[in-house]
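Each chain, letter by letter, is given below.
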Amino acid sequence: MSTDTKFVVKIYQSAKPHKVPKVVSVELKGGASPKMISRMKKEAVDCPIVKGEVNFLVCFACPSFIRRVSGEVHCAGGNGPPKDWLL
């Protein structure tokens, strides 16, 4: 996957917390602290690929995710997260 940034998306505090799929939670267990994961569960982005609001943890686990810098997500704009993650 290339590291060319196609989209820059703002991260914001979600009004209503979204449910995070078990697959994503298990995948991130070893990579981040529980406190950080808890904070990221309350954040969301307007995903340009899905064309809707997505929990940040789903965005973070997406193959198109490049990096998070200063409250923004740099996205490669590929295929996006698997459909079962968005339920």
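Everything discussed here concerns the structure shown above.
The rules we used
Residues numbered from 1 in each chain as written. Predicted model: local features only at pLDDT ≥ 70, side-chain atom pairs only at ≥ 80, totals over all residues. Heavy atoms only, no water. Phe/Tyr/Trp six-rings, centres within 6.5 Å; stacked < 30°, edge-to-face > 60°. Helix = DSSP H or I, 4+ residues; strand = E, 2+ residues; numbered from the N terminus. Buried < 20%, exposed > 50% of the residue type's maximum accessible area, 1.4 Å probe, protein only. Lys NZ or Arg CZ within 6 Å of the ring centre and 35° of its normal.

*Asks:* Talk me through the packing of aromatic side chains; I want residue IDs and the actual numbers.
*Replies:* We describe a pair of aromatic rings using the distance from one ring centre to the other and the angle between the two ring planes. Inspection of the entire model under this criterion finds 3 aromatic pairs. Seen from their ring centres, F56 and F60 are 5.9 Å apart, and the 35° between their planes marks the pair as tilted. With F56 and F60 both in helix 3 (residues 56–61) and 4 residues apart, this pair spans about one turn of that helix. Accessibility expressed as a relative area gives 32% for F60, which makes it partly exposed. Between F56 and F65 the ring centres are 6.3 Å apart and the planes differ by 75°, which places this aromatic pair in the edge-to-face class. Grouping aromatic residues by their ring pairs yields a cluster made of F56, F60 and F65. A cation over an aromatic ring shows up here: R68 above the ring of F56, its NZ or CZ 4.7 Å from the ring centre.

Scope: geometric values only; no functional claims are made or implied.
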